[in-house]
Amino acid sequence: MSSSSAAFFDLDNTMIRGSSLYFLGRGMYHRGYFSKADISKFVVANVRFRLTGTEKPEVIERFKKAAQDFIGGHAVSDIHKLGEEIYEEYISPALVQKTIDIAKSHLNQGREVWLVSAAPEDLGKIIARKLGFTGAIGSKAEIVNETYTGNLDGPILHGQAKANAVFELVKERNIDIKNCYAYSDSANDLPLLESVGYPNAINPDAKLRIRALVEEWPIHDFRRFRFINRMLGPIVSRVVAAGAYLAPRGRKKPE
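Residues numbered from 1 in each chain as written. Predicted model: local features only at pLDDT ≥ 70, side-chain atom pairs only at ≥ 80, totals over all residues. Heavy atoms only, no water.

Caption draft 1: Geometry of the side chain of Asp205. Inspection of the secondary structure assignment puts Asp205 in the loop between strand S7 (198-202) and helix H9 (206-215). At 3.1 Å, the side chain of Asp205 forms a polar contact with the backbone nitrogen of Ala187. (Helix = DSSP H or I, 4+ residues; strand = E, 2+ residues; numbered from the N terminus. Polar contact = N/O pair within 3.5 Å; in protein donor to acceptor, adjacent residues only side chain to side chain.)

Now the structure itself:
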């Protein structure tokens, strides 16, 4: 049963500190799913995609190809089990408690709470279930014979595509989009933020912070060293994370 209102939360750097795909890749790498060269290509594509802040088709296609290769050929049950483990190992410690508190306040007021992310929808659903949220929508991976094919089933939920997915969801659940809330750290989500009645910025990048100030949208900054973050945004943290990710480390062989 749906309610008359909903709150939509971006995942990366809004609900969690860092990239959910980074955590998934890290867990898969340490379990011997692929080589350092394989994960390096994905991380570079992921960082480039996240940092451009553009809708350039060539950038999106590079990320799309990397994302397809990421889980292609693996059994759905194996990736779901891995997702549960990675939530406990990496995602749970990276959760932003103050964002969770906002989400739970919406639940307490009778609103639905959804995660909306460009990350794989299956991973988003695990996180939403663990946190007691209504659900999650994300980029869908094609499945044939209970195995990920390496193709996407629809667009990457980025920019306008994310807003379109929310439009479809509220239509199905008979919710007025103007009675909804949205929270994000990135100007890439402006199509969604501009569509809801109550847009909010959480840990915003520079472009989103400026827009939020102009529009007088609420700004929630839960980051440490807020002054530095206001100047540099999430770029530094993502680049540093990518550098650490590519550093030499022992690799666990598959059992």
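The rest of the description comes next.
Caption draft 2: Just the nonpolar core, in detail. Counting residues in each nonpolar core, the largest one holds 39 residues, and the members touching the most others are Phe9, Met15, Ile91 and Leu115. Elements that contribute at least two residues to this core include exactly strand S1 (6-9), helix H1 (20-30), helix H4 (76-94), helix H5 (97-108), strand S2 (112-120), helix H6 (121-131) and strand S6 (181-184). Ranked by residue count, the leading element in this core is H4, at eight residues. Formed by 24 residues, the second largest nonpolar core is a distinct cluster that contains Ala6, Trp114, Ile137 and Ile175. (Core = buried A, V, L, I, M, F, W, Y, C linked by side-chain atoms within 4.5 Å. Buried < 20%, exposed > 50% of the residue type's maximum accessible area, 1.4 Å probe, protein only.)

Caption draft 3: The arrangement of unusual backbone geometry in detail. A positive phi angle, near 55°, is found at Asn174, a position not held by glycine. Among the structural elements, Asn174 can be located in the loop between helix H7 (160-172) and S6. Looking at Asn174, the relative accessible area reads 70%, which means it is exposed. The phi torsion at Glu216 lies on the positive side, around 60°, for a residue other than glycine.

Caption draft 4: Examining the pairing of S1 more closely. Here S1 shows two buried faces, one formed by Ala6 and Phe8 and the other by Ala7 and Phe9. In this structure, S1 lies alongside S2, joined through four bridges in parallel fashion. Counterpart to Phe9 in the pairing with S2 is Leu115. Here S1 runs beside S6; their pairing, made up of three bridges, is parallel. Within S6, the position partnered with Ala7 by the bridge is Tyr181. (Pairing = 2+ DSSP bridges.)

Caption draft 5: Structural context of the pattern of salt bridges. As enumerated under the stated definition, the model contains 14 salt bridges in all. Salt-bridge contacts for Arg31 lead to Glu85; the nearest nitrogen and oxygen are separated by 3.1 Å. Remark: Glu85 occurs in helix H4 and Arg31 occurs in the loop between H1 and helix H2 (36-52); sequence separation between them is 54 residues. The partner of Glu89 in a salt bridge is Arg31, with the nearest N and O atoms 2.5 Å apart. Of the two residues, Glu89 sits in helix H4 while Arg31 sits in the loop between H1 and H2, which places them 58 residues apart along the sequence. Owing to a relative accessible area of 19%, Arg31 belongs among the buried residues under this scheme. The network of salt bridges with common partners includes Glu84, Glu88, Arg129 and Lys130. (Salt bridge = Lys/Arg side-chain N within 4 Å of Asp/Glu carboxyl O.)

Caption draft 6: Focus on the pairing of S2. S2 sits mainly inside the fold: nine of its nine residues count as buried. Bridging between S2 and strand S3 (residues 135-139) involves four bridges; their strand directions are parallel. For Leu115, the partnering residue across the bridge sits in S3 and is Ala136.

Caption draft 7: Inspection of H5 at higher detail. Relative to the 16 Å expected for 12 residues at 1.5 Å per residue, H5 spans 16 Å between its end C-alpha atoms, a close match to the ideal helical length. For H5, the complete set of buried residues consists of Thr99, Ile100, Ile102, Ala103 and His106. Along the axis of H5, the buried residues cluster in a sector spanning 155°; they form a single face. In this structure, the buried residues of H5 make contact with S1, S2, H6, S6, S7 and strand S8 (219-220). Phi turns positive, to about 90°, at Gly110, one or two residues after H5. (Expected span 1.5 Å × (residues − 1). Arc of directions from axis to C-beta. Contact = heavy atoms within 4.5 Å.)

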